[in-house]
Amino acid sequence: MSKTPPRDPARFRPATRLVHAGRDPSAQHGFVNTPIYRGSTVLYPTYDDIQHRRGRYNYGTSATPTMDALTDAWTELSGAAGTVVTPSGLAALTVALMASVSAGDHLLVTDSAYRPTRQFCDGVLARYGVAVEYYDPTLGAGIAALMRENTRAVLVEAPGSQSFEMQDVPAIAEVVHARGGTVIMDNTWATPLLFPPHERGVDIAVEAGTKYLSGGSDLLIGLTSANRKHFPAVRRTFDHFAMCAGPEDIFLALRGLRTMSLRLREHGRQGLGMARWLQARPEVLRVLHPGLPEDPGHAVWRRDFSGASGLFGVILKPVPEAAVAAMLDGLELFGMGFSWGGFESLVIPFDCAPYRTATRWAPGGPALRFHIGLEDVEDLKADLEAGFARLRQAAG
């Protein structure tokens, strides 16, 4: 006899729900996982059925059993009314924005937003008549001073992309909702495991499943979840664009979902340990990690988040660019590449100054973004120790 899903999954803790959410072995001949359903055409048995669109599925772009398994699981995990799955995190964000604003509307975007988000806002939304304004991510309830009669949505990201400022999301949500606006959040850094967005006042939450949901640096996928009020608009927008992810990527995301809690916990533990180690290094000016008590956003993080992921920033003391290059070029374990959330450790240099408009980015030295993977931290420290030696030698 094949196993049926738990009757009331909400009574279980998140790690248990991750294992069971979106699975129904009884509907799959007892097999544990939902298989990959590939296809466009769905056949109807009778004329009357096709005329009245009877049946759970009607075309491959709108839903498949594989897609439903992932969206059902993510809806349960995030506490949403519904979820759509897209081919990338940026695609998930564009669905959220297009569902929330129209020509003539005013959109407030945190100045610490993911840079491709800014490019979409400035290059597409502005072209179609949406007034986009960037704001200081540390404003909190002070965002009320920026809201206009036509402010329809506010985009938050906590912590900020690359610069890691924390935002007081509940305070912002209270102000925005009092004025009838929509709160959209990029929650990729934390996932719903560490920050339950809809419990904290977020209407539409966006996740780049490319990161921790995947865990393997081998797929591109995004998820847009929404509360009951906003999900119909999200679903309509998704259907209008037919912005569906590929079936293999959805299957891989489902596989990653089952172990995400364990991996994220380890990324967070190792990341915080490495952040503390780097904080004590003589070459480091400061570390940008909300989990550190010295971080300006620590109190908000401690109040609203249940943990940290493995991504944070480091500001080095002033050295020539050639010294930073010498440090990074010789690293054996830290790869240099964009994205994060996989099993491997990564580092990239970054500079927010060219695109910040509401705030000034002047960190005081070269900036690096680290993602701490699942390697042994002592090996990671040794790799960076050798890198710092090269930096000091090149700096003279």
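Residues numbered from 1 in each chain as written. Predicted model: local features only at pLDDT ≥ 70, side-chain atom pairs only at ≥ 80, totals over all residues. Heavy atoms only, no water.

By the naming in an unreviewed UniProt entry, the protein chain goes by Cystathionine beta-lyase and is assigned to Methylobacterium oxalidis. Its UniProt record gives the protein chain a comment under Catalytic activity (unreviewed entry), which states: "L,L-cystathionine + H2O = L-homocysteine + pyruvate + NH4(+)". (UniProt positions renumbered as here; feature names shortened; annotations may be inferred.)

(A) Inspection of the domain arrangement of the protein chain at higher detail. Its domain assignment divides the protein chain into domain 1 (14–256) and domain 2 (261–395). A per-residue breakdown of the area domain 1 buries against domain 2 is headed by Gln162, Trp189 and Tyr212, which together make up 25% of the total. At the surface where domain 1 touches domain 2, the tally comes to two salt bridges. Of the charged contacts, one joins Arg303 and Asp168 as a salt bridge, the two residues approaching to 2.7 Å between their closest N and O atoms. Inspection of the domain 1/domain 2 interface yields 22 residue pairs in polar contact (both at pLDDT 80 or more). Mapped by element, the contributors of at least two residues to the side of domain 1 that touches domain 2 are α1 (14–20), α5 (115–125), β3 (131–135) and α7 (191–194). (Domains from an automatic or database assignment. Buried area = accessible area lost by both parts, 1.4 Å probe. Salt bridge = Lys/Arg side-chain N within 4 Å of Asp/Glu carboxyl O. Polar contact = N/O pair within 3.5 Å; in protein donor to acceptor, adjacent residues only side chain to side chain. Helix = DSSP H or I, 4+ residues; strand = E, 2+ residues; numbered from the N terminus.)

(B) Local environment of the nonpolar core. Counting 56 residues, the largest nonpolar core has Leu70 and Trp189 as its most contacted members. Counting only elements with at least two residues in this core, the list comes to α3 (65–78), β4 (151–157), α6 (169–178), β5 (182–186), α7, α9 (247–257), α10 (260–279) and β9 (311–316). Here this core takes six residues from α3, the largest share from any one element. Each of two domains, domain 1 (14–256) and domain 2 (261–395), supplies a minimum of three residues to this core. Among all residues touching Leu70, those that are not within four sequence positions of it are Val85, Leu213, Ile221, Leu223, Ile250, Ala253 and Leu254. In this structure, Ala91, Phe120, Leu125 and Phe231 belong to the second largest nonpolar core, which totals 28 residues. (Core = buried A, V, L, I, M, F, W, Y, C linked by side-chain atoms within 4.5 Å. Buried < 20%, exposed > 50% of the residue type's maximum accessible area, 1.4 Å probe, protein only. Contact = heavy atoms within 4.5 Å.)

(C) Inspection of the packing of aromatic side chains at higher detail. By the definition in use, this model includes six aromatic pairs. Seen from their ring centres, Phe312 and Phe370 are 6.0 Å apart, and the 25° between their planes marks the pair as stacked. Taken together, the residues Phe312 in strand β9 and Phe370 in strand β11 (residues 367–371) connect sequence positions 58 residues apart. Here Phe370 falls in the buried class, since its relative accessible area comes to 1%. Three or more aromatic residues joined by ring pairs form one cluster here, namely Trp189, Phe195 and Phe305. Over the face of the ring belonging to Tyr134 we find Arg118, whose NZ or CZ atom lies 3.9 Å from the ring centre. Directly above the ring of Phe195 sits Arg200, whose terminal nitrogen or CZ lies 5.8 Å from the centroid. (Phe/Tyr/Trp six-rings, centres within 6.5 Å; stacked < 30°, edge-to-face > 60°. Lys NZ or Arg CZ within 6 Å of the ring centre and 35° of its normal.)

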